[in-house]
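The primary structure of each chain is shown beneath.
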Amino acid sequence: MSRVILEMKKIYKSYGGIQALKDVSLELRAGEVLCLCGENGAGKSTLMKILAGVETPTQGEIFIDGKLVKISKPIDAFDFGISMVHQELVQIEEMTVAENIFVGRYKTKAGFVDNKRLREDTLNLMKELGIYFEPDSLIRQYTVASRQLIEIAKALSHNCSIIIFDEPTAALTIEETEKLYKIIRQLKERGMAIILISHRMEDLYAVGDRVVVLKDGENSGELQVAGSKVDDIVQLMIGRQMTQQFPKKTNSPGEKLLEVKGLTNSKITNISFELKKGEILGIGGLVGAGRTELLRAIFGVDDCQGDVFLKGERIKNNSPIDGLNRGFALVPEDRKDQGLILNQSILQNVVLSILKKMSVWGIMNPKKEMDVCDEYIKKLKIRTSGRTMIVQMLSGGNQQKVVIGKCLASNPEILLLDEPTRGVDVGAKAEIYKIINDLASEGMSIIVVSSEMTELLGISDRILVMHEGHLSGELSMNEASEETIMKLAINH
Ligand SMILES: Nc1ncnc2c1ncn2[C@@H]1O[C@H](COP(=O)(O)OP(=O)(O)OP(=O)(O)O)[C@@H](O)[C@H]1O
Ligand SMILES: [Mg+2]
């Protein structure tokens, strides 16, 4: 076995009354890919932020190459060769790709930024990774996935020996994920040590050597990836066996509720389909196929041509408020941009969507609002000290659950879900699938856009597939499989 290059010993971290980490220890060896797993809120990001100098531990020691070190700010971490790609990207949208990567470290020529060198260094770095983004273009124009790759380039530009990825694949396409796996394998070959946080078991088996699991802020066990089963890892994560990921379907689609005819805008072309009452309609396709844009057009975020009929009556949602008032709700793909007000409490976020809907006829009483909020905290198992907790303080997966709770609280007739379980742990995923099934059984109509095929196959009554803005086909559950979805997704 190769040498231990990093040791974290008996780490504690508390935020006020919340004990995020308790007596956590971790060892890392040169040339290994260590996967850090655990439920939403288990403390994974916190532990890694301590290593990256973003957070300071309440107690505990860190050893690098056997020497006790103190990492009190990010620059200390860089000095010790530690670099981290964060779960929630912090990028300045007005900066260029090159500036983003080399922020604060511009090569200057007599006091001026040497743009030519900056550009060259950026190109070289990207070439090494097999990615390309125009160095002088603004960050703003790129998708979350592309920004993630730019962030990876930035982490590697620090010449580190330890690199931490906090859920890097959550926003990546299948192709980009493969690219990242390749990069990780290359880094490993060069002798670098990698820590990978992920809720996707595929990631673990694709590149992982060893898995360390946290539960409720404590070590709950570890195992070698080779020879271990998904069930073993899940057992360590949630403390029990997962009997089944998907609920037994109990909904039965009724009469036609929504009809979309020839929906068209700059991103989607001539989309027509029907949605029944109590139906769960899955939408598959590659990232960029126009699925998000379709949901946005239906909800009223983006403008479009074409006809939408609700219960036979022609309607047009000109804004999200319109959508909410007509009984639609949307869980957006990017929770930070469109889903949440981060510096407000869970309650304020949940109430906001109820208010928007209720404001037509008056305000709900505060007691009722609190009850609704608590109901979703419980149902979705949101790990929080209470409904007044500021959303920013929640772990990534728990923020996602708030977005879902917020939408459900508006009690929609038609629920539009865009990648609803992104960043959510296996246990909570199963809870969300059950909630979706129950709501449909009670008569709610649901459209789910997902890049996870197992998810589409596990919960849908019918699947539509999109390709480059067009509808490329429809599959009944008898016809649907990963292969048939994929074929339509690439428009075979
Ligand atoms: N700034 C903060 N203030 C208060 N509590 C915090 C803060 N940051 C994190 N926490 C709490 O610490 C706990 C651990 O959070 P952490 O982000 O490390 O979880 P995680 O394992 O990364 O989860 P996820 O899979 O959802 O990303 C959570 O209960 C979270 O609410
Ligand atoms: Mg996290």
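I will try to describe carefully the structure that is included in this document. (Residues numbered from 1 in each chain as written. Chains lettered and ligands numbered in written order. Predicted model: local features only at pLDDT ≥ 70, side-chain atom pairs only at ≥ 80, totals over all residues. Heavy atoms only, no water.)

**Brief notes about the packing of aromatic side chains**
In step 1: The full count for this structure, using the stated rule, is 2 aromatic pairs.
In step 2: Summarising the aromatic geometry, the rings of Phe133 and Tyr142 are spaced 5.1 Å apart at their centres and angled 75° between planes, so their arrangement reads as edge-to-face. With respect to burial, Phe133 and Tyr142 carry one shared label: buried.
In step 3: Measuring from ring centre to ring centre gives 4.8 Å for Phe246 and Tyr433, while their planes differ by 25°; the resulting arrangement is stacked. Of the two residues, Phe246 sits in the loop between helix H8 (230–238) and strand S13 (256–264) while Tyr433 sits in helix H15 (residues 426–441), which places them 187 residues apart along the sequence.
In step 4: Judged by its relative accessible area of 21%, Phe246 falls in the partly exposed class. (Phe/Tyr/Trp six-rings, centres within 6.5 Å; stacked < 30°, edge-to-face > 60°. Buried < 20%, exposed > 50% of the residue type's maximum accessible area, 1.4 Å probe, protein only. Helix = DSSP H or I, 4+ residues; strand = E, 2+ residues; numbered from the N terminus.)

**Side note on the packing of helix H5 (residues 144–156) against helix H6 (residues 174–189)**
In step 1: At a minimum axis separation of 11 Å, H5 and H6 run at an interaxial angle of 10°. In this view, H5 runs roughly parallel relative to H6, as classed from their interaxial angle. Each of Ala145, Leu149, Ile152 and Leu156 in H5 lies in contact with H6, whose residues at this interface are Glu176, Leu180, Ile183 and Leu187.
In step 2: Here the contact of H5 with H6 is composed, by residue class, of 7 nonpolar, no polar and 1 charged. (Axes fitted to C-alpha atoms, helices over the stretch in contact; angles between N-to-C directions. Parallel < 35°, antiparallel > 145°, perpendicular 65-115°, else oblique. Contact = heavy atoms within 4.5 Å. Nonpolar A, V, L, I, M, F, W, Y, C, P; charged D, E, K, R; others polar.)

**Comments concerning the coordination of the magnesium ion (ligand 2)**
When a metal holds four donors in a tetrahedron, each ideal angle between them is 109.5 degrees; when it holds six in an octahedron, the ideal angles are 90 or 180 degrees.
In step 1: With distances of 2.1 to 2.2 Å, the protein atoms coordinating the magnesium ion (ligand 2) are Ser45 (OG) and Gln87 (OE1). In this pair, Ser45 sits in helix H1 (residues 44–51) while Gln87 sits in the loop between strand S6 (82–85) and helix H3 (97–102), placing the two residues 42 residues apart along the sequence. Of the two residues, Ser45 and Gln87, both sit in the buried class. (Donors = N, O, S within 2.8 Å, 3.2 Å for Na, K, Ca; no water.)

**Topic: the site of ligand 1**
In step 1: In the region of ligand 1, 22 residues are neighbours, and Gly41, Lys44, Thr46, Ser395 and Gly397 sit closest.
In step 2: A distance of 2.5 Å is found between an oxygen atom of ligand 1 and a side-chain nitrogen or oxygen belonging to Thr46.
In step 3: In this structure, Met393 approaches ligand 1 through a main-chain N or O atom, which is 2.9 Å from an oxygen atom.
In step 4: Taking 640 Å² as the accessible area of ligand 1 by itself, protein coverage stands at 91%.
In step 5: Counting residues per element, the ones that place at least two in the shell around ligand 1 are strand S2 (18–29), H1 and helix H14 (396–409).
In step 6: Looking at side-chain class alone, the shell around ligand 1 contains 7 nonpolar, 11 polar and 4 charged residues. (Near = heavy atom within 4 Å. Polar contact = N/O pair within 3.5 Å; in protein donor to acceptor, adjacent residues only side chain to side chain. Areas by Shrake-Rupley, 256 points an atom, 1.4 Å probe, with all protein chains shown as cover.)

**Some words on helix H17 (residues 482–489)**
In step 1: Turning to H17, its buried residues number three or more, namely Ile485, Leu488 and Ala489. For H17, the angular spread of the buried residues around the axis is 105°, confining them to a single face. Turned more than 90 degrees from where H17 packs its buried face, Glu483 and Lys487 sit exposed.
In step 2: Looking one or two places after H17, you find Asn491, whose phi comes out positive at around 60°. (Arc of directions from axis to C-beta.)

**Some points on the pairing of strand S4 (residues 59–64)**
In step 1: With 5 bridges connecting them, strand S1 (residues 4–15) and S4 associate as antiparallel partners. Within the sheet, the bridge partner assigned to Glu7 lies in S4 and is Phe63.
In step 2: As defined by bridge partners, S4 adjoins strand S5 (residues 67–69) across 3 bridges and the pair is classed as antiparallel. Its bridge partner lying in S5, Phe63 is registered against Leu68. (Pairing = 2+ DSSP bridges.)

**Here we look at the sheet that holds strand S9 (residues 162–166)**
In step 1: The strand order S6-S9-S10-S3-S11-S12 describes an open sheet built from 6 strands, whose pairing is mixed. For this open sheet the edge positions go to S6 and strand S12 (218–224), each flanked by a neighbour on one side alone. Ignoring strand direction, the axes of neighbouring strands in this sheet form an average angle of 20°.
In step 2: Two strands pair when backbone bridges link them, and S6 and S9 are joined in this way by 4 bridges, in the parallel orientation. For Ile82, the partnering residue across the bridge sits in S9 and is Ile162.
In step 3: On the sheet, H1 packs against strand S3 (33–37), S6, S9, strand S10 (193–197) and strand S11 (210–215) and is oriented at approximately 150° with respect to S10.
In step 4: H5 contacts S6 and S9 of the sheet and is inclined by roughly 175° relative to S6.

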